[in-house]
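The residues making up each chain are set out below.
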Amino acid sequence: MKNRKLFAAAMTAALAVSMMGTTVMAATSAEGTTNFKYQPGTAAPVDPVTPGTEETSVNNWMVVYPRNITLTDSNIEAGDTFTNGAAVTFTVKQKQAGADNDDTIKEANIPSGISVSAQGAGADGNYTLSGTQGSATMQLAGFTGTKITNTADELGLLRHNASTQSGKAKISNDNAVVDGNEYTGQVTFTFENPA
């Protein structure tokens, strides 16, 4: 049996969609406020890297993942396509740079790649985003655009020569939303190095 390194602690990406009406009308002027948020996170094995083995250690990797994704009305899309989806981007790099002082991931660090999976989708691929009134339905797509479900939950692989990859998040159903509310939910991502 292969030695498998699995990291699936409390890694969550909070996904929020604001269904506030953005229409503003006035006789002379008007204004509206848009909130922007960026909050990256990292996840990596907790085992230390032995100094001098940074370029070859299969323990020397970490994934940078988004902790917050903001979805808007422009991310609403029915069906199984993700043309309007917001990017959900992951990057793998060395958690400890080697003698070259460069944290670029090496093939020896992740010879089989890092598998990225999303937990919590239903059989139909739906995630529920909740608000004080109503709810919204969100779906995720993997790196190749395939919808994530409870049985097909892998977004794809991060590799040394494809260290940054993106999936997509979209609102697939907004029929139960109430204007002026915010809808939120969480997805736990699992990162596995099968080396």
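The structure we're discussing is the one just above.
Note that the structure is a prediction, hence the values are computed from the model and not measured. (Residues numbered from 1 in each chain as written. Predicted model: local features only at pLDDT ≥ 70, side-chain atom pairs only at ≥ 80, totals over all residues. Heavy atoms only, no water.)

### With respect to the overall build of the protein
Logical step 1: Per the secondary structure count, the protein includes zero helices and twelve strands.
Logical step 2: Burial analysis of the protein (195 residues in total) assigns 38% to the buried set.
Logical step 3: In the protein, the proportion of contacts linking residues at least 24 apart, taken out of those at least 6 apart, comes to 78%.
Logical step 4: Put simply, the protein shows about 10400 Å² of open surface, and 49% of that area lies on carbon and sulfur atoms. (Helix = DSSP H or I, 4+ residues; strand = E, 2+ residues; numbered from the N terminus. Buried < 20%, exposed > 50% of the residue type's maximum accessible area, 1.4 Å probe, protein only. Contact = heavy atoms within 4.5 Å. Areas by Shrake-Rupley, 256 points an atom, 1.4 Å probe, with all protein chains shown as cover.)

### A look at the packing of aromatic side chains
Logical step 1: One pass over the full model with this rule turns up four aromatic pairs.
Logical step 2: Consider the rings of F90 and F189, whose centres lie 5.1 Å apart with planes at 70°: the pair is edge-to-face. Here F189 lies in strand 12 (residues 182–193) and F90 lies in strand 6 (residues 86–93), a separation of 99 residues in the sequence. An identical accessibility class is assigned to F90 and F189; each is buried.
Logical step 3: An aromatic cluster is present here, built from Y65, F90, F143, F189 and F191 joined pairwise through their rings.
Logical step 4: It is K170 that lies over the ring of F82; its NZ or CZ is 4.5 Å from the centre. (Phe/Tyr/Trp six-rings, centres within 6.5 Å; stacked < 30°, edge-to-face > 60°. Lys NZ or Arg CZ within 6 Å of the ring centre and 35° of its normal.)

### As for the nonpolar core
Logical step 1: Core analysis: the largest hydrophobic core is formed by 31 residues, its most contacted members being F90, M138, L140, F189 and F191.
Logical step 2: With near-sequence residues (within four places) excluded, L140 lies in contact with F82, A118, Y127, T146, K147, I148, K168, A169, V187 and F189. (Core = buried A, V, L, I, M, F, W, Y, C linked by side-chain atoms within 4.5 Å.)

### Describing the side chain of S57
Logical step 1: Tracing the backbone shows S57 in the loop between strand 3 (40–43) and strand 4 (62–66).
Logical step 2: For S57, a relative accessible area of 14% translates into the label buried.
Logical step 3: Each residue touching S57, except ones within four places of it in the same chain, is listed here: V49, A108 and N109.

### Remarks on the environment of V116
Logical step 1: By the element assignment, V116 lies in strand 7 (residues 114–118).
Logical step 2: You can call V116 buried: its relative accessible area is 0%.
Logical step 3: Residues in contact with V116, not counting those within four places in the same chain, are F90, F143, D153, E154, L155, G156, L158, F189, T190 and F191.

### Structural notes on the pattern of salt bridges
A pair can form between side chains of opposite charge whenever their charged atoms are brought close.
Logical step 1: With the rule as written, the count across this model stands at four salt bridges.
Logical step 2: One salt bridge connects K147 with D80, and the closest N-O pair in it is separated by 3.1 Å. Of this pair, K147 sits in the loop between strand 9 (135–141) and strand 10 (154–158) while D80 is found in the loop between strand 5 (68–71) and strand 6, placing the two residues 67 residues apart along the sequence.
Logical step 3: Overall, the relative accessible area of 54% leaves D80 in the exposed class. (Salt bridge = Lys/Arg side-chain N within 4 Å of Asp/Glu carboxyl O.)

### Details of unusual backbone geometry
Logical step 1: A positive phi angle, close to 60°, is found at N101, a residue other than glycine.
Logical step 2: Tracing the backbone shows N101 in the loop between strand 6 and strand 7.

### As for the pairing of strand 4
Logical step 1: Buried residues dominate strand 4, accounting for four of its five residues.
Logical step 2: With three bridges connecting them, strand 4 and strand 6 associate as antiparallel partners. Across the sheet, the residue bridging to V64 is T91, located in strand 6. (Pairing = 2+ DSSP bridges.)

### Here we look at the side chain of N60
Logical step 1: Relative to the assigned elements, N60 resides in the loop between strand 3 and strand 4.
Logical step 2: There is a polar contact of 2.8 Å between the side chain of N60 and the backbone oxygen of Q96.
Logical step 3: Not counting the four nearest positions on each side in its chain, N60 is found in contact with V49, E54, K93, Q94, K95, Q96, I105 and N109. (Polar contact = N/O pair within 3.5 Å; in protein donor to acceptor, adjacent residues only side chain to side chain.)

### Topic: the environment of S163
Logical step 1: When you line up the elements, S163 lands in the loop between strand 10 and strand 11 (164–173).
Logical step 2: For S163, a relative accessible area of 24% corresponds to the partly exposed category.
Logical step 3: In the structure, S163 is positioned 73 residues away from F90 in sequence and 8.0 Å away in space, judged by C-alpha atoms.
Logical step 4: What S163 contacts, discounting residues up to four positions off in sequence, is F90, T91, V92, I105 and L158.

Function cannot be read off these values alone, since they describe shape.
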